[in-house]
Amino acid sequence: MSAPNIETIVSLSKRRGFVYPASEIYGGLGSSWDYGPLGVELANNIKNSWWRWIVYERDDIEGLDSSIIQNRLVWKYSGHEQTFHDPLVDCRDCKTRLREDKLDRNEAGKPVCSNCGSTNLTESRPFNLMFRTTVGAASSEEDEAALAYLRPETAQGIFINFANVLNTSRRKLPFGIAQIGKAFRNEVTPGNFIFRTREFEQMEMEYFCRAEDAPRLHQEWIEGFRGWLQSLGISDRNLSLYEQTKEELAHYAERTVDIMYRYFPEREDESKQWDELMGIANRTDYDLRVHSKKPEDAEGKRINPDSTEDLSYFDTATNERFYPYVIEPAIGVNRTLLAVMMDAYTEKTNEKGEMRVILKLAPEMAPIKVAVLPLAKNKPEIVEMAKKIKKDLQRSMRSVYDDTGGIGKLYARQDEIGTPFCVTVDHESLDDNAVTVRDRDTWGQERISMDQLKGYLARRVV
Ligand code: GAP
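Sequence order as written defines the numbering, with residues in each chain counted from 1. Per-residue local features are limited, in this predicted model, to residues with pLDDT of at least 70; the limit for side-chain atom pairs, both in listing and counting, is 80 or more; totals at the level of whole chains, interfaces and linings are taken over all residues. As a rule here, side-chain values cover all heavy atoms of the structure and leave hydrogens and water aside.

Chemist: Tell me about the site of the ligand, and please be specific about residues and values.
Modeler: A cutoff of 4 Å decides nearness: a residue is near a molecule or strand if any of its heavy atoms lies inside that distance of it. Near the ligand you find 21 residues, and of these Glu153, Arg185, Glu187, Glu204 and Glu276 are the closest. Within the side chain of Gln202, an N or O atom sits 3.0 Å from an oxygen atom of the ligand. Under this definition, polar contacts are N or O atom pairs within 3.5 Å; protein pairs additionally need one hydrogen-donor-capable and one acceptor-capable atom, and for neighbouring residues in sequence, both atoms have to be side-chain atoms. With respect to the ligand, the side chain of Glu204 contributes an N or O atom lying 2.4 Å from a nitrogen atom. We get accessible surface area from the Shrake-Rupley algorithm with a probe of 1.4 Å; when it comes to residues, only the shown protein chains can shield them. Protein contacts shield 91% of the accessible area of the ligand, which totals 550 Å² for the unbound molecule. Elements supplying a minimum of two residues to the shell around the ligand: strand 10 (199-209), strand 13 (275-282) and strand 16 (325-332). Counted by class, the shell around the ligand contains 8 nonpolar, 4 polar and 9 charged residues. A run of H or I in DSSP counts as a helix once it spans at least four residues, and a run of E counts as a strand once it spans at least two, with each numbered from the N terminus. In this classification, the charged set is Asp, Glu, Lys and Arg, the nonpolar set is Ala, Val, Leu, Ile, Met, Phe, Trp, Tyr, Cys and Pro, and all remaining amino acids, among them Gly, are polar.

Chemist: Could you give an account of the environment of Asp403, with specific residues and numbers?
Modeler: Secondary-structure assignment places Asp403 in the loop between strand 20 (399-401) and helix 11 (407-417). Spatially, the C-alpha atoms of Asp403 and Glu141 are 54 Å apart, while their sequence positions differ by 262 residues. Here, two residues are considered to be in contact whenever any of their heavy atoms come within 4.5 Å of each other. Beyond its immediate sequence surroundings of up to four residues, Asp403 is in contact with Pro374, Lys377 and Leu410. Polar side-chain contacts of Asp403 include one of 3.0 Å to the side chain of Tyr401.

Chemist: Report on the sheet that holds strand 13, specifying residues and quantitative values.
Modeler: Any two strands with at least two DSSP bridges between them are considered paired. Taken together, the 7 strands give an open sheet; going across it, the order is 3-9-10-16-13-12-11, and neighbouring strands pair in mixed fashion. Bordering the open sheet on either side are strand 3 (61-64) and strand 11 (239-243), each of which pairs with just one other strand. Each adjacent strand pair in this sheet contributes to an overall mean axis angle of 20°, direction not counted. Pairing geometry for strand 10 and strand 16, over 6 bridges, is antiparallel. Residue pairing across strands places Gln202 opposite Gly332, the latter belonging to strand 16. Axis definition: a line fit to C-alpha positions, over the contact stretch in the case of helices; interaxial angles, taken between N-to-C directions, run 0 to 180 degrees. Of the strands in this sheet, strand 10, strand 12 (255-261), strand 13 and strand 16 are in contact with helix 9 (residues 333-344), which crosses strand 16 at around 55°.

Chemist: Got a sec to walk through the state of the cysteines? Specific residues and values, please.
Modeler: When two cysteine sulfur atoms are found within 2.5 Å, that pair is recorded as a disulfide. Following the criterion strictly, the structure yields 0 disulfides and no others. Note on Cys94: no disulfide assigned, nearest cysteine sulfur contributed by Cys91 at a separation of 3.7 Å. Overall, Cys94 belongs to the partly exposed group, its relative accessible area being 25%. Residue exposure (1.4 Å probe, protein chains only): buried if accessible area is under 20% of the type maximum, exposed if over 50%, otherwise partly exposed.

Structural measurements only, silent on function.
As structure tokens, this is what we get:
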């Protein structure tokens, strides 16, 4: 099974320390969230899995960590200043501010307010999603020369470093540059927990290639990512593909396929259960061209008179110089985390007829791999042995020691946060030098001798 709705994950997250509402003691801040002790581990596991798969397990991708605040010209020439808008409307009846492109339409084709059902809406007007700031101590809020933006995507940091990475890593096409980092968008209608927020984290990779190879590589990355998402424990029946229409395509894209997740299983209409988990775009040579000093328009004028670099590529085998195409798989850490948690959510009834929550996370995703529990916390030898096991295991896997309740309660707590194994130290352990290992999913128990323990667990969780 998976979670019946996002609300179930919101309350589990708060109860167990995955995600909390941000600024809560001051009344919160709309759609901002803080990641607690377990949430930060889960997010790190997602990022590490992505980085390992994309950067380490291949031989054609380099990593990068570019600045969040860049020269404003980056966003001028990328097209974001001109086009990174959402169509904004206000409902005249209930005063709600809405994104026009997300509204249902009535039979006459008029957009309908999602809050009160009225069609009495203002004309749509473009609203730029970039957060503005000013750089430098002397600048005033209005100082255009000091204007800067918080990046709305990590991708541009990659394009403007294309020549740096190419020259320092001596790469040949096709090759990619990968980056993980925060991005910021002043979303008109954030919501659905961590699904759409104004501050979020992206994992983006730009895969540079020859134009003729782009369609094939695009398809390969779509299939590759579908497989990677399943390796995180997300079941394929909750994933689907969506081909963006010409009207939906971003200004830079020739073709974009979204991988959708079933975030809203409670909705009756199947088609409304899905929303975007990630996008995989063929951005053509748009970005490298617009950031380059050379290209000229029809009248022979430089398209970019501010750039000092030409981001073209010279192919020594064919003696050609050209701007590479780029395939871009772009995915949010937060949306991935939500999908991983929803998919892992399971309910099971115990022998007493009580409902228990089990988060059946893939071991690689589990925030804690092993919990070591003493059966009697008033027996110093047992406590000492349990703490020593925790310390030994911690070197190779995230482990915790917990003695804050009865064993049934401790097992239930670990099940709910997705810990694959509990190790219990009991009175017999002192004599036979063995412990009980309990499996989260089956609740089955096995007696394992101490000298076998680390190997037994490592084979299953690392
Ligand atoms: N560089 C391309 C790009 O940024 P995007 O589809 O706008 O493409 C990529 O964003 C991914 O980033 C999305 O598929 C989603 O996972 C995540 N994302 C975008 N906006 C988000 C938001 N407001 N809150 C949370 N995640 C977001």
